[in-house]
Amino acid sequence: MAIQVKLLDHTQDPTKSLYIAYRTAYSALTPMQIERRIADRRITHEQMADFIERRLQTGHSSPLEQVWFEFGISGVSRAFSHQFVRHRIGISFEQQSQRYVKFKDASFPYSMPESVQKAGLGDKMDKTFEQLGKLYQEMLDAGVPAEDARFILPNATATNFKVVVNFQEMLHICDLRLCTRAQWEFRKVAAIMRSEINKKFPELGRYLQPKCGERRWGYCDEDYDAWQACPIGRKRPHKRDLFALFDSYRKGELIPLAESDFKLIEKEETFVP
Ligand SMILES: Cc1cc2nc3c(=O)[nH]c(=O)nc-3n(C[C@H](O)[C@H](O)[C@H](O)COP(=O)(O)OP(=O)(O)OC[C@H]3O[C@@H](n4cnc5c(N)ncnc54)[C@H](O)[C@@H]3O)c2cc1C
């Protein structure tokens, strides 16, 4: 099944909402006075975006909880959904029920990982699920309630969501789930959520990055082997190396500049590209 993710609705004007929230914290003006200044264009969209940009570089994050995004998500596996619903703050889920929704015609929708196809085991998986579908139907026909018949359905079974997530939690989800350590299906869903927000609100969407992104922490905190194996790991320092560098600096143990380095500096040569 193909994964589909669509931004269904959102805070009407996230930039304005964030601006009013931040400004309320830092100004003598009331939120209503700030809103009036936006309405009569004494404060422009660019000014708001610029102000927010600077605030986003600080740890003042509670205004981000006031901006929400509503998504429809379909064609994802139950393997994905188990992980998705572990996020518990700033996100609210509604998921297709396997108690109230009975799969029909002795079959159920499911997704197949590429790795299974590549291993040449796709047909075997299809056939096994065909048998499971038949048994599921047999159970329903025998009067077994759907909530019990579902016990034989696999992790691959497809499911659908409608979720509401605030911007603060969306940043956190992207920190974790755009990281190459995350499972491929979650990476895919997080990437589409990101691109949906980016299309409408690029000034916010660009902050949705894995935690090593230049707009997030800028370094990797996963284990060293994972960092070495990561295809984008080389773009970012690992935290172990950052601390080691800081420690060497503090102890005066950095590799000293040598006479030869100073000779280089003195050369009549242009090094700047
Ligand atoms: C690569 C990867 C591998 C994983 N492997 C496993 C695994 O093997 N087994 C497993 O069980 N789970 C696993 N998880 C799930 C993980 O442990 C979290 O449950 C999941 O990522 C949800 O994130 P969160 O806890 O940050 O929740 P969110 O709801 O997204 O929480 C947001 C933040 O709020 C704060 N917070 C939330 N609740 C509390 C609380 N009760 N007390 C204090 N602070 C709180 C925390 O700072 C938290 O980071 C894995 C996750 C990832 C990304």
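Scroll up to find the structure.
Everything numeric here is computed off the predicted structure, so don't read it as measured data.

1. Let's talk about the sheet that holds strand S3 (residues 91-95)
And step 1. Spatial strand order, S1-S2-S4-S3: 4 strands in an open sheet with antiparallel pairing. Each of the sheet's edge strands pairs with one partner strand only, and the pair in question is strand S1 (4-10) and S3. Across the sheet, the axes of successive neighbouring strands diverge by a mean angle of 20 degrees, strand direction being ignored.
And step 2. As judged from the 8 bridges shared by strand S2 (residues 68-77) and strand S4 (residues 158-166), these two strands associate in the antiparallel manner.

2. Re helix H9 (residues 184-200)
And step 1. A rise of 1.5 Å per residue sets the reference length of H9, with its 17 residues, at 24 Å; its end C-alpha atoms lie 25 Å apart and thus fit the reference within 8%.
And step 2. Taken together, the buried residues of H9 touch S1, S2, helix H4 (78-84), helix H8 (167-177) and helix H10 (202-205).

3. Describing the site of the ligand
And step 1. Contacts to the ligand come from Arg86, His87, Arg88, Ile89, Glu169, His172, Leu176, Arg181 and Ala182.
And step 2. Split into classes, the residues belonging to the shell around the ligand amount to 3 nonpolar, 2 polar and 4 charged.

4. Some points on unusual backbone geometry
And step 1. The backbone of Asp105 shows a phi angle near 55 degrees, a positive value even though the residue is not glycine.
And step 2. Its location among the elements puts Asp105 in the loop between S3 and helix H5 (114-118).
And step 3. For Asp105, a count of 7 C-beta atoms within 10 Å gives the class exposed.
And step 4. Phi is positive for Ala106, which is not a glycine, with a value near 55 degrees.
And step 5. Take Ala106: it is sitting in the loop between S3 and H5.
And step 6. The exposure class assigned to Ala106 is partly exposed, which follows from the 16 C-beta atoms found within 10 Å.

5. Some thoughts on the packing of H8 against H9
And step 1. The interhelical angle for the contact between H8 and H9, taken along N-to-C directions, is 140 degrees, at an axis separation of 10 Å. Taken together, the axis directions place H8 and H9 in an arrangement best described as oblique. The two elements H8 and H9 cross, and the hand of that crossing is left-handed. Contacts between H8 and H9 involve Ile173, Cys174 and Arg177 from the first element and Phe186, Arg187, Ala190 and Arg194 from the second.
And step 2. Residue composition of the contact of H8 with H9, by class: 4 nonpolar, no polar and 3 charged.

What counts, and at which threshold
- Residues numbered from 1 in each chain as written.
- Predicted model: local features only at pLDDT ≥ 70, side-chain atom pairs only at ≥ 80, totals over all residues.
- Pairing = 2+ DSSP bridges.
- Helix = DSSP H or I, 4+ residues; strand = E, 2+ residues; numbered from the N terminus.
- Axes fitted to C-alpha atoms, helices over the stretch in contact; angles between N-to-C directions.
- Expected span 1.5 Å × (residues − 1).
- Contact = placed C-beta atoms within 7 Å.
- Near = placed C-beta within 6 Å.
- Nonpolar A, V, L, I, M, F, W, Y, C, P; charged D, E, K, R; others polar.
- Buried ≥ 20, exposed ≤ 12 C-beta atoms within 10 Å, placed from the backbone.
- Parallel < 35°, antiparallel > 145°, perpendicular 65-115°, else oblique.
- Left-handed = near helix turned anticlockwise from the far one by under 90°.

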